[in-house]
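# Summary of the model geometry
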Amino acid sequence: MKISVAKDAGYCFGVRDAVNMAYDATEKYGNVYMLGDIVHNERVVRDLEKAGAKVVETLDDIPDDSPVLFRAHGTLNKLWDESTDKNVQVIDATCPLVYEIHREVKKLSLDGRQIIIIGDHGHDEVVAIANQVETTIIVASPEEASKLKKMKKAGVVSQSTQTIENVQEIMNILMTKVFDLHFVNTICFPTKRNQAQIKTLAENSDIMIIIGSFTSANSKRLTQLALEKNKNSFQVTCADDVKKIWFKGVNQVGISAGASTPDKLINEVKEKIKMINKEKVN
Ligand code: SF4
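Worth saying up front: this structure is predicted, and the values here are computed from it rather than measured.

### Structural notes on the overall build of the chain
For the chain, the helix and strand inventory stands at 10 helices and 12 strands. In terms of overall size, the chain behaves like a compact globule, its C-alpha atoms giving a radius of gyration of 21 Å where 282 residues would be expected to give roughly 19 Å. The dimensions of the chain, computed from C-alpha atoms along their principal axes, are 65 × 55 × 25 Å. Burial statistics for the chain: of 282 residues in total, 43% are counted as buried.

So this is what it looks like as structure tokens:
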């Protein structure tokens, strides 16, 4: 059985930097506070907690002068203001590519356009993008796009981890609804690269395994993408979820992972599959 792991499976540079910043802060200050989970992966959050990174719900839960890490996918403007008032030390882990989306929506808005964000309702990144301008319309699916009224002038950006296919379908509908339409493709390059590798690997494998938490919209989307290319695709959160029965008659295994999945989990899953293979042979 041959096992191939997608070249860029797992952490994107934005998430890797944020996690490293959190560890560096715990070393420097003894502890660091995080507003909500910095990464949608239970294992990463648990390991960070052990190192001294505490998850809190509001800035009020943080003692004055303490370090607080603002996550990779962006933070509401009011929390930036409150952090100044409260005198907490902000460690900004916002991904530069997320800041780029913020700049783009502001530019589109200044151009007098109705802002449309293609993204998941309630997702931290989408909420923070929407927070950059007065009014936004969030569209998660082609069905939602079809319900929009016709409009004169709109500017569209997407959440960084959307699939190209979903964005294309929505854009096709928006073209029939908006007279003056300006689209900025803000799917980030690590996401595009990961999606392209998954499609090829899923097509060329007998089974495709996507590693990622079910709380991660990104991982679920990648699994969907793999399923479209290969019905024999499964999402697992860790090695324990991998079932021996899946590998009956399998020669080629493809593995990839969401942007919030650490290398450690990818290696554990790979080792489990190697073990299943050994048992099959013996
Ligand atoms: S998914 Fe893209 S935008 Fe989001 S943190 Fe990673 S690199 Fe940055």
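That covers the picture; the talk isn't over yet.
### Notes on the site of the ligand
Around the ligand sit 15 residues in total, of which Cys12, Gly14, Cys95, Ser160 and Cys188 are the nearest. For the shell around the ligand, the secondary-structure elements that each account for two or more residues are α1 (13-29), α4 (96-110) and α8 (189-203). It is α1 that contributes the most residues to the shell around the ligand, 3 residues altogether.

### Some words on the environment of Glu57
Relative to the elements of secondary structure, Glu57 occurs in the loop between β3 (53-56) and β4 (67-70). Remark: the alpha-carbon pair of Glu57 and Tyr33, spanning 24 residues in sequence, is separated by 9.8 Å.

### Description of the pairing of strand β9 (residues 178-183)
Two faces, one strand: in a regular strand the side chains alternate between the faces of the sheet. Bridge count for strand β8 (residues 151-158) against β9 is 5 bridges, and the pairing is parallel. Counterpart to Gly155 in the pairing with β9 is His182. Handedness of the β8-helix α7 (residues 164-174)-β9 crossover: right-handed.

### Structural notes on the pairing of strand β11 (residues 233-236)
Pairing between strand β10 (residues 207-211) and β11: 4 bridges, direction parallel. Residue pairing across strands places Met208 opposite Ser233, the latter belonging to β11. What joins β10 to β11 is helix α9 (residues 217-229), and the crossover it makes is right-handed.

### What about the domain arrangement of the chain?
For the chain, the domain assignment lists domain 1 (2-10 + 190-281), domain 2 (13-94) and domain 3 (97-187). Once you take the C-alpha centre of each, domain 1 and domain 3 turn out to be 30 Å apart. Taken residue by residue, the interface counts 8 residues in domain 1 and 7 residues in domain 3. Among the secondary structure elements, those contributing two or more residues to the side of domain 1 that touches domain 3 are α8 and α9. With 4 residues, the single largest contributor to the side of domain 1 that touches domain 3 is α9. Among the residues forming the side of domain 1 that touches domain 3, the class breakdown is 3 nonpolar, 3 polar and 2 charged.

### Topic: the sheet that holds β8
The strand order across the open sheet built from 4 strands is β7-β6-β8-β9, with neighbouring strands paired in parallel fashion. Both edges of this open sheet fall to β7 (136-139) and β9, since each of them pairs with a single strand only. Neighbour-to-neighbour, the strand axes of this sheet turn through a mean angle of 30°, independent of strand direction. Pairing between strand β6 (residues 114-118) and β7: 4 bridges, direction parallel. When the sheet's bridge partners are listed, Ile116 is paired in β7 with Ile137. Of the strands in this sheet, β6, β8 and β9 are in contact with α4, which crosses β8 at around 175°.

### Re the nonpolar core
Core analysis: the largest hydrophobic core is formed by 48 residues, its most contacted members being Val15, Ala18, Ala22, Met34, Ile38, Leu69 and Ile116. The leading source of residues in this core is α1, at 5 residues. Two domains each provide a minimum of three residues to this core, namely domain 2 (13-94) and domain 3 (97-187). With residues up to four places along the chain from it excluded, the contact list for Ile38 reads Ala18, Ala22, Leu69, Arg71, Ala72 and Ala93. If you look at the next biggest cluster of nonpolar residues, it comprises 22 residues, including Val5, Ile198, Ile209 and Ala257.

### Looking at the sheet that holds β3
Pairing in this open sheet of 4 strands is parallel, and the strands run β3-β2-β4-β5 from one edge to the other. One side of each edge strand has no neighbouring strand; the edge strands of this open sheet are β3 and β5 (89-92). Going across the sheet, the axis of each strand differs from the next one's by a mean of 35°, ignoring polarity. Sheet topology note: the strand β2 (residues 32-35)/β4 ladder contains 2 bridges and is parallel. Its bridge partner lying in β4, Tyr33 is registered against Val68.

Calculation criteria
Residues numbered from 1 in each chain as written. Predicted model: local features only at pLDDT ≥ 70, side-chain atom pairs only at ≥ 80, totals over all residues. Helix = DSSP H or I, 4+ residues; strand = E, 2+ residues; numbered from the N terminus. Rg over C-alpha atoms; globule rule 2.2 N^0.38 Å. Buried ≥ 20, exposed ≤ 12 C-beta atoms within 10 Å, placed from the backbone. Near = placed C-beta within 6 Å. Pairing = 2+ DSSP bridges. Right-handed = clockwise from strand over helix to strand, strands pointing away. Domains from an automatic or database assignment. Contact = placed C-beta atoms within 7 Å. Nonpolar A, V, L, I, M, F, W, Y, C, P; charged D, E, K, R; others polar. Axes fitted to C-alpha atoms, helices over the stretch in contact; angles between N-to-C directions. Core = buried A, V, L, I, M, F, W, Y, C linked by C-beta atoms within 7 Å.

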